[in-house]
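# Descriptive structure summary
Take a look at the letters that make up each chain.
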Amino acid sequence: MSTDCIDERALSKLRWRCRRGLLENDLFIEKFFASHESCVTQSQAHGLTQLMDLADNDLLDLLLRRTEPKDDLDTPEVREVLQAMRH
């Protein structure tokens, strides 16, 4: 997995992309950014982007461990980001 940090512009775009309609999702996402604000890696950015393609309720189910990633979503990048968001 990549350990290269994304630049400030990419981070700003990613934060904007991660805005959600459900407050609960936003709380998990903000917690992630607060913990990783010094360096969001390329790998983490890719995992977050994949998660942001989900509907709000599907994302919340993953964050609350009601479901686990399946098929194309079951990648190391997604699992890394989910683990960080869940803690």
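Residues numbered from 1 in each chain as written. Predicted model: local features only at pLDDT ≥ 70, side-chain atom pairs only at ≥ 80, totals over all residues. Heavy atoms only, no water.

## Details of the nonpolar core
- One finds L14, F33, L48, L51 and M85 to be the most contacted residues of the largest nonpolar core, which totals 22 residues.
- Mapped by element, the contributors of at least two residues to this core are α1 (8-17), α2 (23-36), α3 (42-52), α4 (56-63) and α5 (76-86).
- For L14, the residues in contact, after removing those within four places along its chain, are I6, F33, V40, A45, L48 and T49. (Core = buried A, V, L, I, M, F, W, Y, C linked by side-chain atoms within 4.5 Å. Buried < 20%, exposed > 50% of the residue type's maximum accessible area, 1.4 Å probe, protein only. Helix = DSSP H or I, 4+ residues; strand = E, 2+ residues; numbered from the N terminus. Contact = heavy atoms within 4.5 Å.)

## Section: the pattern of salt bridges
- Under the definition given, this model contains 7 salt bridges.
- Here D53 ties to R17 by a salt bridge, and the two come within 2.5 Å at their closest N and O atoms. Taken together, the residues D53 in the loop between α3 and α4 and R17 in helix α1 connect sequence positions 36 residues apart.
- Among the salt bridges present, the one from R79 reaches E68, with a minimum N-O distance of 3.4 Å. Linking R79 in helix α5 with E68 in the loop between α4 and α5, this pair joins segments that are 11 residues apart in sequence.
- R79 sits in the partly exposed class, given a relative accessible area of 36%.
- In this structure E68 comes out as partly exposed when scored by relative accessible area, which is 34%.
- One network of salt bridges, in which partners are shared, links E68, D74, R79 and R86. (Salt bridge = Lys/Arg side-chain N within 4 Å of Asp/Glu carboxyl O.)

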